[in-house]
Structure formats: C-alpha cells, structure tokens
Amino acid sequence: MNKAYQDQLHLSGRYFMLGALLLFISAPITLSLVTGEWPTFIEFLPGFIATASVFWPITTIEVFTFTPMLGTGSSYLAFVTGNLTSIKVPVALNAQDALNVEKGSEAGDLISTIAVATSSIVTTLIILLGAILFIVTPLGTFLESDVLNPAFDNVLPALFGALGFVYISKRLKIAAIPILFMLMFFLFVPNSMGLVGAMVPVGVLISIIVSRILYKKGMIK
Amino acid sequence: MSEIEVCHMDFKNSVWIYLVVGIIFSYVLMQSIFFLVRAYKKAIESGFTKEDLKKTILSSAVFTLAPSFAILIGLVTLTNIFGSMLAGMRLGTLGALTYELPTAELVIRTLQGFTPQPTEVRMITTALWVMTFGCIPPLLIIPLFFKKYNNKLQDIKKKDNTWNQVMMDALFIGMISAFVGFVVAPRELEINGELVTRISLLSILVFLTSSVLIIIFGVLIKKFKWEWLKNYALPLSMIFSMAMALVYFQMGVR
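Cut-off values and rules
- Residues numbered from 1 in each chain as written.
- Chains lettered and ligands numbered in written order.
- Predicted model: local features only at pLDDT ≥ 70, side-chain atom pairs only at ≥ 80, totals over all residues.
- Heavy atoms only, no water.
- Helix = DSSP H or I, 4+ residues; strand = E, 2+ residues; numbered from the N terminus.
- Contact = heavy atoms within 4.5 Å.
- 1 Å grid on protein atoms, 1.4 Å probe; cavity = no way out; pocket = protein on both sides within 12 Å on 5 of 7 lines; lining within 4 Å.
- Points joined across faces, edges and corners; volume = space filled by probe spheres on them.
- Nonpolar A, V, L, I, M, F, W, Y, C, P; charged D, E, K, R; others polar.
- Core = buried A, V, L, I, M, F, W, Y, C linked by side-chain atoms within 4.5 Å.
- Buried < 20%, exposed > 50% of the residue type's maximum accessible area, 1.4 Å probe, protein only.
- Buried area = accessible area lost by both parts, 1.4 Å probe.
- Salt bridge = Lys/Arg side-chain N within 4 Å of Asp/Glu carboxyl O.
- Phe/Tyr/Trp six-rings, centres within 6.5 Å; stacked < 30°, edge-to-face > 60°.
- Axes fitted to C-alpha atoms, helices over the stretch in contact; angles between N-to-C directions.
- Parallel < 35°, antiparallel > 145°, perpendicular 65-115°, else oblique.
- Left-handed = near helix turned anticlockwise from the far one by under 90°.
- Pairing = 2+ DSSP bridges.
- Expected span 1.5 Å × (residues − 1).
- Polar contact = N/O pair within 3.5 Å; in protein donor to acceptor, adjacent residues only side chain to side chain.
- pLDDT = per-residue confidence, 0-100.

*Asks:* Help me understand the side chain of Ser-203 of chain B in this model?
*Replies:* Mapped onto the elements, Ser-203 of chain B comes out in helix H9 (residues 201-224). Setting aside chain neighbours within four positions, we find Ser-203 of chain B in contact with Asn-154 and Pro-157 of chain A together with Val-183 and Arg-187 of chain B.

*Asks:* Is there a simple way to think about empty space enclosed by the protein in this case?
*Replies:* One water molecule sets the probe size; rolling that probe over the atoms shows where empty space is left. Enumeration according to the criterion identifies two cavities of 30 Å³ or more in this entry. Space inside the largest cavity adds up to approximately 120 Å³. As for the largest cavity, its lining consists of 13 residues, and the residues nearest its centre are Pro-68 and Gly-104 of chain A together with Asn-150, Leu-153 and Gln-154 of chain B. Sorting the residues of the lining of the largest cavity by element identifies helix H2 (41-70) of chain A together with helix H7 (137-159) and helix H8 (161-184) of chain B as the ones contributing at least two each. The dominant element in the lining of the largest cavity, judged by the number of residues it contributes, is H7 of chain B, at four residues. Its residues placed into classes, the lining of the largest cavity shows four nonpolar, seven polar and two charged. Each pocket or cavity is described by its volume, and for the second largest cavity that value is around 40 Å³. Considering the residues around the second largest cavity, the lining is formed by Pro-68, Met-69, Leu-70, Gly-71, Gln-96, Lys-103, Gly-104, Gly-108, Asp-109 and Ser-112 of chain A together with Met-168 of chain B. Among the elements of the structure, H2 and helix H5 (106-136) of chain A are those that each provide at least two residues to the lining of the second largest cavity.

*Asks:* Can you help me understand the nonpolar core in this one?
*Replies:* Looking at soluble globular proteins, one finds that nonpolar side chains tend to be buried together. One finds Phe-66, Leu-70 and Phe-186 of chain A together with Phe-82 of chain B to be the most contacted residues of the largest nonpolar core, which totals 156 residues. The contacts of Phe-66 of chain A, once residues within four sequence positions are left out, are Phe-79, Leu-84, Thr-85, Val-89 and Val-200 of chain A together with Met-175 of chain B.

*Asks:* Can you help me understand the interface of chain B and chain A in this one?
*Replies:* Size of an interface: often given as the accessible area lost when the parts come together. Contact residues are listed per partner, giving 143 residues for chain B and 150 residues for chain A. For the pair chain B and chain A, the two sides together bury roughly 13600 Å², of which 79% comes from carbon and sulfur. The tally of links from chain B across to chain A stands at six salt bridges. Close ionic contact of Arg-171 of chain A with Asp-169 of chain B constitutes a salt bridge, the shortest N to O distance being 2.9 Å.

*Asks:* Would you take a moment to explain the layout of surface pockets for this structure?
*Replies:* Considering only enclosed or pocket space, the second largest pocket measures out at about 620 Å³ in volume. Contributing to the lining of the second largest pocket are 25 residues, with Asp-97 and Val-166 of chain A together with Ile-214, Ile-221 and Lys-230 of chain B lying nearest its centre. Sorting the residues of the lining of the second largest pocket by element identifies helix H4 (84-98) and helix H8 (155-170) of chain A together with H8, H9 and helix H10 (233-250) of chain B as the ones contributing at least two each. A per-element tally of the lining of the second largest pocket places H9 of chain B first, with seven residues. Taken together, the residues of the lining of the second largest pocket break down into 13 nonpolar, five polar and seven charged.

*Asks:* Help me understand the packing of aromatic side chains in this model?
*Replies:* Geometrically, a pair of aromatic rings is defined through the distance of the ring centres and the angle of the planes. Taken as a whole and assessed by the stated rule, the structure comprises 18 aromatic pairs over all chains. Arranged with centres 5.2 Å apart and planes meeting at 80°, the rings of Phe-185 of chain A and Phe-186 of chain A form a pair that is edge-to-face. In this structure, Phe-185 of chain A and Phe-186 of chain A share a single accessibility class: buried. Where Phe-34 of chain B meets Phe-35 of chain B, the ring centres are 5.5 Å apart and the plane angle is 85°; that geometry is what we call edge-to-face.

*Asks:* Would you mind going over the packing of helix H3 (residues 50-82) of chain B against helix H4 (residues 84-92) of chain B with me for this structure?
*Replies:* Residues and elements named next belong to chain B. In the contact formed by H3 and H4, the axes pass within 8 Å of each other and the chain directions differ by 130°. For the element pair H3 / H4, the angle class is oblique. H4 is crossed by H3, and the crossing has right-handed handedness. Taken together, the residues of H4 that come into contact with H3 (itself represented by Ile-71, Gly-74, Leu-75, Leu-78, Thr-79 and Phe-82) are Ser-84, Leu-86, Ala-87, Gly-88, Arg-90 and Leu-91. Among the residues forming the contact of H3 with H4, the class breakdown is seven nonpolar, four polar and one charged.

*Asks:* Where do I start with the pairing of strand S1 (residues 187-191) of chain B in this structure?
*Replies:* Within a regular strand, the side chains alternate between the two sheet faces. All names here are of chain B. Of the strand pairs in this sheet, S1 and strand S2 (residues 194-198) are connected by five bridges, and their pairing is antiparallel. Across the sheet, residue Ile-191 finds its bridge partner in S2, namely Glu-194. Count of turn residues in the S1/S2 antiparallel hairpin: two residues, of which Asn-192 carries a positive phi of about 50°.

*Asks:* Would you mind showing me how to read H8 of chain B here?
*Replies:* Note on helix geometry: an α-helix contains 3.6 residues per turn, so any two residues three or four positions apart are oriented the same way. Residue and element names in this part refer to chain B. Taking 1.5 Å of rise per residue, the 24 residues of H8 would be expected to cover 34 Å, and the 36 Å separating its terminal C-alpha atoms lies within 8% of that figure. Counted residue by residue, H8 has 21 buried out of 24 residues, so it is predominantly covered. At the N-terminal end of H8, a side-chain oxygen is found 3.2 Å from the backbone nitrogen of Thr-162, two or three residues along, and the residue is Asp-160.

*Asks:* What am I meant to see in the environment of Gln-6 of chain A here?
*Replies:* Residue and element names in this part refer to chain A. The topology assignment puts Gln-6 in helix H1 (residues 3-35). Of the residues examined, Gln-6 reaches a relative accessible area of 7% and is grouped as buried. Here the side chain of Gln-6 touches Thr-72 through a polar contact of 2.8 Å, side chain to side chain.

*Asks:* What am I meant to see in the confidence of the model for chain B here?
*Replies:* Parts of the prediction with low pLDDT should not have their coordinates interpreted in detail. All names here are of chain B. Scored by pLDDT, chain B comes out at a mean of 90, with 95% of its residues at no less than 70. Within chain B, the element-level pLDDT minimum falls on helix H1 (residues 3-9), averaging 52, and the maximum on H9, averaging 96. In the predicted assembly, ipTM is 0.90 and pTM is 0.89.

This is the structure in structure tokens:
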C-alpha cells in the first residue's frame, strides 16, 4: 500500500472523526441550552450505565471487527454515519466483488471507500428528506400503515439471503461451523433476536478460529 | 396532553434544532464527499476506468435505497419521541435503530415508569444525552488506535497474503453467520389478531428467495455474459425479495 496516501487518509480521517465527535456532543448540549432542561446526574446515570455496559463493549469490538472489512478510508466514514451491518459493510463487499478486487489491498480500499461514501450520501439525503417530509406531509402516517411492513421488516433476510449464498458457497468449509452454531443459538436461546449485534463478533471469532485451523492443516487456501 | 406541555414540546421544531441538525447533516455530507472525491482521484491514478467507478457509484446508490427506506420506518417511531429532525440526526449518524430506540425507551421508562411517549422535556434531553454518550467509543478508539491496528493488519498481509485473503473471507462469513441465525430466531408475530412468539416463515422464505435470485442472476451473468449485472445482482436480489415479502404476506405467510 502507498504509505504516503495511507498516512494522509489517517490524518484527515482523524480530524473528521474528532470534528464529528464534537458536533455530536453539541446536539444534546444545544437541546439543553434551548430548553433549559439539563439532566441531573441521578437521572442520567442509570440509563447511561445500563446502555454503556452493553454498548461500549459491543461498539469497541465492532471497531476491531469491521475496520478490516471496510479498509482505511471507509472506516473513518462508516463509523460516523452508522448502519454498519445493514448497509456499509455489505455495500463495500458488493462493490469489491463486482470489480474483482482483492479485499484488504489498496485497490479494495479505494473501491470500498467510493461505495461507502456514495452510500453515506444517499442514506443521509433520504433521511434528511424523510425528516422534512414528516413535518410538511403525511408521509409518516403512510409509513406507519401496515401495508409496507412485511417488506421493510425483512430487509435483513433479503440482504443476507443473497450475500450469504455468495460467501457460504465460496467458503463452505469455513462457514459450516459458525452457521451451525448461530442457527442453534438463535433457535434455542430465548429472546435472541435482539442479540444479533452482539453475536457478530462471536461469529467472526468462531470463523477466524475455524479458518486458521483449516488453513494450518492445508485444508483451505 | 395540556396546552403548556404542547408548547414545551415545540422545541422539537425550533430554529436552533434545525440549525444544529442542519450543521451535522452538512458535516456528514461534506466528509462523505471529501472521501469520495479523494478515493475517486486515487482510483483513476491507480488504473481504474471512469466507467468502472461510475458503475460502483451507481450500484452502491441503488444498493442503499431499500435499507435506507427501511430506516425511514424506524424514523417514524423515533420521531414520536424526539421530533423528526433530532430523530433523523440520530439515525443518520453513528447508530442504528436497534441501538437508538431501546436506549431512548429505557431512559424514558426509567424516568416516568412507562413508554413510549415522554411527558416532560427533561426526559427527552436526558435520553439524548444518554444516547450520545452510550455509543461514543468508536469516535475515540478509531482516531487513537486505528492506524496502529491497521498497520498490524498490513504486517499480517505482508507475511502471508494467502492467509490474509482467507482471514478476510472468514471475517465476512462470521458476520453473515450471525444474520443467517437471526433469520430463524423466534419473534413476536400477529397471527389471527393474536401475538404469538414463533419462527417467522416469512423471513425464512424471503431469505431463500433472495438466495435463489442471486443464483439466477449468477447464471444470467455467466450464460449471457451480462457483465453489467454483476454490480446490481445483490441490490436487485434484495429489492425483489422484499417485494416478494409483500406477496407472501398477502398469501397468508407469517
């Protein structure tokens, strides 16, 4: 990889990310300034502890899980714009596969960045437009109606059906154990549906261990 | 809700909120454009054709449409708590509905004992403070540690590129495996007017439809040499299988 280009990316990425951090914090501050309603420590703490104890470890692990998939440029972007598993990682994958570029290479990194940046622009514009239309039109009422629910409730099965087939058929030996484990987990652990975010790093860990063993034994290449 | 409370809740559409949310959205768009332009220029220098990059941009935009509209459905729910501008800001940055909604509901439930509608402004400000600080680690970890971590990954690649390729595939498969499991997770379904917890046949059918569609697209690409379809096979499989979900639902599949 071109080191000078990578260094530049890291530098601008860091500035952008710290800028985003300051802006995101400015939102609750502004809200409290405008309304004059500041949360007391006692009000803030229970919710914060409950949330941070779950999401700080998950989001920390997500950084180490998703950044290798995304590459340098798109990592700085995707973690600011969010929706990693449902949009950013799959869009990066799709773009790299379509052009047959090696993932983790500089070419892969560039294509992933172009895909994630485009996707971020589209999502941001749709949400912004949606938020404005909610105020001035009955769009919210239309979306609240049950007509479209079966489609939008199934975005993830629709996405991972296709994506899953491509990758599972390509690496069946690696995929067998993590998939079997996940099927058992989600079938038999009560209320497991809400745990999918937390189970992604678990799936990654299992598949890395399996692939390392198979690779060492010369069973995959 | 009393008139005074309604006035209190008017802050959701105050000019200050528009200003802050507008600045945040502009910032996110600016950052995206910055990275897009930079990567585009570098990709041209590296030998990619403008045609390839155009296809990448277009297919990524098409790919993003369906999940983004799904976010709008979440926006409806979150709008009931924060108003649409703040809700849009939360869903367009950092998090996802799976994080934002439970966190907001948790804070409001803790403060007033029930959900979903907050009755006091302070509940909303508290929820926003908690939501902001509850998912802050990536914004600190990435600027501080990502470069070092990335260099370590590059070292692995230099040492053994074949293993690097296997590892990359394993990473994706790990993520995919969790979502394959998620499809069969029992969930609350409304059947004959009653809420029942069971496996959703509809989700499994949509999953299988999407798999079959990508196989069909694969055959078409191979047989008719439709290279252009490569970029769109995944988004089209997703969109068509979502459309099929509506048909299956009408046929009584739940």
